[in-house]
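The residues making up each chain are set out below.
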Amino acid sequence: MAKKKSRGRSTKKTKFKKPSFTLSNQQKLIFGSLLLILGILLFTAFLSYFFTGQADQSILTEFTSRQVKAQNWLSKVGAWVSDLFIYRGFGIPSFLFSGLIFLSGIYVLLNIKKSRLWRHWFWGILIIVWASVLLGFFNEKNALLGGTIGFEINTILQDYIGKLGAILLLALGLVTYLAIRLKMTPEQIGTWLKRTKKEVKNEFSREKTVETVPLDNDLSSEAESIKSALDIDLPKAEPTIAHHSDLKTSSTSDTTKKTSPSKKSAADEELQMEVKHVFEEKSETDNLSDKLVEDFGRFDPRLELSKFQFPTLELLKKYNYENITINQEELEENKNRIVNTLRNYNIGIASIKATIGPTVTLYEIVPEAGIRISKIKNLEDDIALSLSALGIRIIAPIPGKGTIGIEVPNKNATVVSMRSVIASERFQKAKMRLPIALGKTISNETFVVDLAKMPHLLMAGATGQGKSVGLNAVLTSLLYKKHPAEVKFVLVDPKKVELTLYNRIERHYLAKLPDSDEAIITDTTKVVNTLNSLCIEMDNRYELLKNAMCRNIAEYNEKFKARKLNPNDGHVFLPYIILVVDEFADLIMTAGKEIETPIARLAQLARAIGIHLIIATQRPSVNVITGIIKANFPARMAFRVTSKIDSRTILDGSGADQLIGRGDMLFTQGNDMIRLQCAFVDTPEVELITDFIGSQKAYASAHLLPEYVGEESGTSLDINIEDRDKLFREAAEIIVTAQQGSASLLQRKLKLGYNRAGRLIDQLEAAGIVGQFEGSKARQVLVPDLVALDQLLKEERLG
């Protein structure tokens, strides 16, 4: 062992260091300027070649002679270089070389990432070759179009696969470029073709109407002159109406013309003009969004904070002991003990293999034929005794495999850092709406899930087992992936110390009530108001989705980005709202039903409109996590709990009581249970991340939720008639007509904010038009009709 260690140390010392090619600021200025000038000179030489190239052909062989003068604007060097690139090289596409060199100079001067520059060079050279081969078809007319290289490659292709084959191969190259470089899809190409077809059709119909209208006017004037001269009744010539191929009215109008050629009734004319108007209006609304996108581009929700920078990986700590070390002796010893223990009970094993994870090793065994699985499962305590290990868990059988799993904790656990999880390819390339990196599996793979598909997450675990770290891991994942315009957090922290660090990103990521001083909610009364406010937000969002004819928030936001929804109609871009509740049991103890009812409403309905819940609790007992809540939280995260009853409450099965703690957890999304080691993110790391975000430009205030007027807060009524709102009369008429006393009705009909609508409801209550507040129900309307309303208001004035 000592020899092995010494060898390890020697290899570390002789580790080869890569030479660094970083330039100082002065070197960057010189090198960048050189590239800019070189690009301009190349462009000048290439351009000059088209005017002086023929005259300079004779002096190319006498390049060294100073007596000979070249016509090129850059003299002999310009003539030789341009001949090399354009005539002997790639033809007109060679101009791209000067552009690429010029672009390289800009990248060096502005210190932009080199990876992008290499990408530009790679695709630029491919475009040069492709364009050169394409122009090679026309080289017989002009040899400078595709150059010698383009012509030769084109000729070789035609010799082997023919002219049609060469054209199709070039078309394939173009499609490959569009797919990889511009990331175009068949759907996008289809919509582009449809749009082009529609524009051509519109142009054609516009030209046709322009040509036909004056002709009809001339005919009508001629008809009038003939009528006056001969004194004969002629049908009046009418202005033509743009035809619509799928209109039924066109066929009916034709039949009426055949049957009654003398005159057309005024009703038919009016109907035809009305149909035309409807179809024109429809086509205008279809094309309006396309025109807006063409003129202004798609709506970008990130535009207000366009310079926002996501946190960097350097803010997260890197641990020295992250890599899993395989202890071969420990593996063999555990294997032998498992085999011997099972053999003592006459259970034979056909094969056994081990999968090493960060904190747990999974031993997969295949029993001999005829062995009952239940027999092995009952030996859980005996295997734990023989291995002298805590937290042995038997999975019989492993889902999707024909094996039985025995999970044994490692003697030396490995830390799973948040940095390693965030930096993983699986998280970086995750195409999820709300990606969350929870940690690593037994096979040491990063585990990433989508909160939008969960759609709510329930966390439970005893004190000090990793719940708060798990919450921080969830929030950190979203901060690294989502822009402040796309996601907002509502944080509830009864402990008052766990989530206070996130106060620094209040104006970036947090949402709060309008009258609240702090974004992180610690008071129980404010928690009740916030949850009810989220219910109002949910109802408002569903109203917007109904008006936009969308089924979920993703479709709605996509329509809004494509400028198909009018902001004047109340439509806005909707960010995801994530409600995080720490210590849910404490809230249930203090507020009870007041908390449970809105939580249950949000859990049942809020998934489609982008409101997601993450609830954490210490003791997942039945009176805390009720059946209604559990039914709507299919995704569960269970850290170590103290009893099997608690494990069954959270997971609907045992297992959480057999975990070893310190971030060891079980995750289920309604099907199989997965054992994970939760990613560790420490308080100083969260502090650095929030400081980094908080130091950047932010919104004017936190995202404001709708104001909620509680039952006790709606008692101060305006009895004085002079202090009433200007819209009092109109609001009263709307409420009486609809026979529904709700603030949301006034908001929709009068286009008011929630505060003003709430005040109007209070004034209507004071006037005796609506009844008292009845919780989530609409208030009772006490006035039966408008006549009774007029009488009531007259009596008020006289009184």
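Residues numbered from 1 in each chain as written. Predicted model: local features only at pLDDT ≥ 70, side-chain atom pairs only at ≥ 80, totals over all residues. Heavy atoms only, no water.

**Some details on the packing of aromatic side chains**
One pass over the full model with this rule turns up 16 aromatic pairs. Seen in terms of ring centroids, Phe-51 and Trp-73 are 6.0 Å apart; in terms of plane orientation they differ by 20°. Their pairing is stacked. Here Phe-51 is found in helix H2 (residues 25-52), whereas its partner Trp-73 is found in the loop between H2 and helix H3 (75-90), with 22 residues between them in sequence. Relative accessible area serves as the criterion here: at 62%, Phe-51 is assigned to the exposed category. A ring pair is formed by Tyr-319 and Phe-680, whose centres lie 6.3 Å apart and whose planes are at 55°; its orientation type is tilted. Here Tyr-319, found in the loop between helix H9 (266-296) and helix H10 (328-344), pairs with Phe-680, found in the loop between strand E14 (673-678) and helix H23 (683-694); they are 361 residues apart in sequence, far enough to count as distant. Here a set of aromatic residues connected by ring pairs shows up, and it is made of Phe-43, Phe-46, Phe-50, Phe-85, Phe-90, Phe-95 and Phe-97. (Phe/Tyr/Trp six-rings, centres within 6.5 Å; stacked < 30°, edge-to-face > 60°. Helix = DSSP H or I, 4+ residues; strand = E, 2+ residues; numbered from the N terminus. Buried < 20%, exposed > 50% of the residue type's maximum accessible area, 1.4 Å probe, protein only.)

**Quick look at unusual backbone geometry**
Residue Pro-455 is reached from Met-454 by a cis peptide bond, and omega for that bond is -5°. Positive phi, close to 60°, is recorded for Asn-346, a residue that is not glycine. In this fold, Asn-346 is placed in the loop between H10 and strand E1 (349-356). The exposure class of Asn-346 is exposed, given its relative accessible area of 64%. Phi is positive for Arg-563, which is not a glycine, with a value near 60°. By the secondary structure assignment, Arg-563 is in the loop between helix H18 (553-561) and strand E10 (576-581). Relative accessible area serves as the criterion here: at 25%, Arg-563 is assigned to the partly exposed category.

**Points about the pattern of salt bridges**
As a working rule, side chains carrying opposite charge can pair if their charged atoms are close by. With the rule as written, the count across this model stands at 26 salt bridges. Among the salt bridges present, the one from Lys-546 reaches Glu-543, with a minimum N-O distance of 3.3 Å. Of this pair, Lys-546 and Glu-543 both sit in helix H17 (residues 524-548), separated by three residues, roughly a single helical turn. Here Lys-546 falls in the exposed class, since its relative accessible area comes to 56%. When salt bridges with common partners are traced through the structure, they connect Arg-393, Glu-407, Asp-664 and Arg-675 into a single cluster. (Salt bridge = Lys/Arg side-chain N within 4 Å of Asp/Glu carboxyl O.)

**Here we look at the sheet that holds strand E2 (residues 360-367)**
Within the open sheet, the four strands sit side by side as E1-E2-E4-E3. Their pairing is antiparallel. The open sheet is flanked by E1 and strand E3 (393-395), the only strands paired with a single partner. Strand-to-strand twist in this sheet, taken as the mean axis angle between neighbours without regard to direction, amounts to 20°. Across six bridges, E2 lies against strand E4 (residues 404-409) in antiparallel orientation. Bridge pairing in E4 places Thr-361 opposite Val-408. Strands E1, E2 and E4 of the sheet are contacted by H10, whose axis makes an angle of about 145° with E1. (Pairing = 2+ DSSP bridges. Axes fitted to C-alpha atoms, helices over the stretch in contact; angles between N-to-C directions. Contact = heavy atoms within 4.5 Å.)

**Overview of the confidence of the model for the protein**
This prediction gives the protein a mean pLDDT of 81; 83% of its residues lie at or above 70. Within the protein, helix H8 (residues 248-259) has the poorest average pLDDT of any element, 40, and E10 the best, 95. Within the model, the stretch residues 210-265 combines pLDDT values under 50 with 33 contacts to residues more than four positions away or in other chains. (pLDDT = per-residue confidence, 0-100.)

**Structural notes on the packing of helix H5 (residues 114-135) against helix H6 (residues 147-180)**
Interaxial distance between H5 and H6 falls to 8 Å at its minimum, and their mutual angle equals 135°. Judged by the angle between their axes, H5 and H6 are oblique. When the axes of H5 and H6 are compared, the crossing they make is left-handed. On H6, the residues touching Trp-123, Ile-127, Trp-130, Ser-132, Val-133 and Leu-134 of H5 are Ile-149, Gly-150, Ile-153, Asn-154, Leu-157, Leu-170, Gly-173, Leu-174, Tyr-177 and Ile-180. Of the residues that constitute the contact of H5 with H6, the class distribution is 12 nonpolar, four polar and no charged. (Parallel < 35°, antiparallel > 145°, perpendicular 65-115°, else oblique. Left-handed = near helix turned anticlockwise from the far one by under 90°. Nonpolar A, V, L, I, M, F, W, Y, C, P; charged D, E, K, R; others polar.)

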